[in-house]
Amino acid sequence: RMIEIKFDCDRKFETLKVKNFVENSIDLILEMLKNGSEEVYVSVFLTNNEEIKKINLKYRKINKPTNVLSFPQNEKRMISNVENCLVLGDIVISLEKILSEASEQKKNFFEHLLHMIVHSALHLYGFDHTNKKNSIMMEAKEKDIMRKIQQGL
């Protein structure tokens with residue numbers, strides 16, 4: 001599995017701790033969701049409200065910050081000399097938004113971050129919440145993955 005993380009956030013986050021947490025979480029999620037031994041690539045952009053707002057406006061025509069955005073690609077390409085690598089897609093996370101939501105909802109920052117990572121990874125695998133049935137399926141899968149990860153931590 002190849003996970004590329006770009007960190008661009010002006011808030012005072014423990015960059016290395018957050019990057020490692022995100023990378024380890026995605027690694028565990030990909031391991032749980034993998035189909036076969038195919039090499040998988042995911043990119044993650046950790047940013048702030050201002051940047052995610054721009055991306056949200058550009059791609060979704062919504063002019064406000066959000067916690068996470070997922071851009072599924074699911075196409076095979078050659079990356080770093082790995083042939084037929086499955087490029088799952090890109091995840092954009094506003095650490096600033098995650099922090100404020102965690103505070104508002106009285107949740108632990110890393111727990112809320114994990115939830116958003118799981119949520120966005122599932123979008124890359126084609127899960128969605130466009131209707132009640134899909135929402136129920138996605139939520140059940142989220143809870144299952146989070147429980148497994150938290151038991152392993």
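Structure shown above.
Reading the values: rules and limits
Residues numbered from 1 in each chain as written. Predicted model: local features only at pLDDT ≥ 70, side-chain atom pairs only at ≥ 80, totals over all residues. Heavy atoms only, no water. Helix = DSSP H or I, 4+ residues; strand = E, 2+ residues; numbered from the N terminus. Buried < 20%, exposed > 50% of the residue type's maximum accessible area, 1.4 Å probe, protein only. Pairing = 2+ DSSP bridges. Phe/Tyr/Trp six-rings, centres within 6.5 Å; stacked < 30°, edge-to-face > 60°.

(A) Representation of unusual backbone geometry within the structure. At Asn-74, a residue that is not glycine, the phi angle is positive and equals roughly 45°. With respect to the secondary-structure elements, Asn-74 resides in strand S3 (residues 68–79). We note that Lys-106 has phi near 55°; this positive angle belongs to a residue other than glycine. Within the secondary structure layout, Lys-106 lies in the loop between helix H3 (95–104) and helix H4 (109–124). Under the relative-accessibility criterion, Lys-106 is labelled exposed at 74%.

(B) Inspection of the pairing of strand S2 (residues 40–47) at higher detail. Of all eight residues that make up S2, eight are buried, and the element is covered over most of its length. Covered by surrounding structure in S2 are Val-40, Val-42, Val-44 and Leu-46 together with Tyr-41, Ser-43, Phe-45 and Thr-47, the residues of both alternating faces. Examined bridge by bridge, strand S1 (residues 2–7) and S2 share six bridges and lie parallel to one another. What sits directly across from Phe-7, in S2, is Leu-46.

(C) Summary view of the packing of aromatic side chains. Using the criterion set out here, one finds three aromatic pairs in the structure. Measuring from centroid to centroid gives 4.9 Å for Phe-21 and Phe-110, while their planes differ by 65°, and the two rings are edge-to-face. Here Phe-110 lies in helix H4 and Phe-21 lies in helix H1 (residues 15–33), a separation of 89 residues in the sequence. A relative accessible area of 19% means that Phe-21 is categorised as buried. A ring pair is formed by Tyr-59 and Phe-71, whose centres lie 5.2 Å apart and whose planes are at 65°; its orientation type is edge-to-face. Of this pair, Tyr-59 sits in helix H2 (residues 49–60) while Phe-71 sits in strand S3, placing them twelve residues apart in sequence. A connected cluster of aromatic rings, assembled from ring pairs, spans Phe-21, Phe-109 and Phe-110.

These results come straight from atomic positions and should not be treated as a statement about function.
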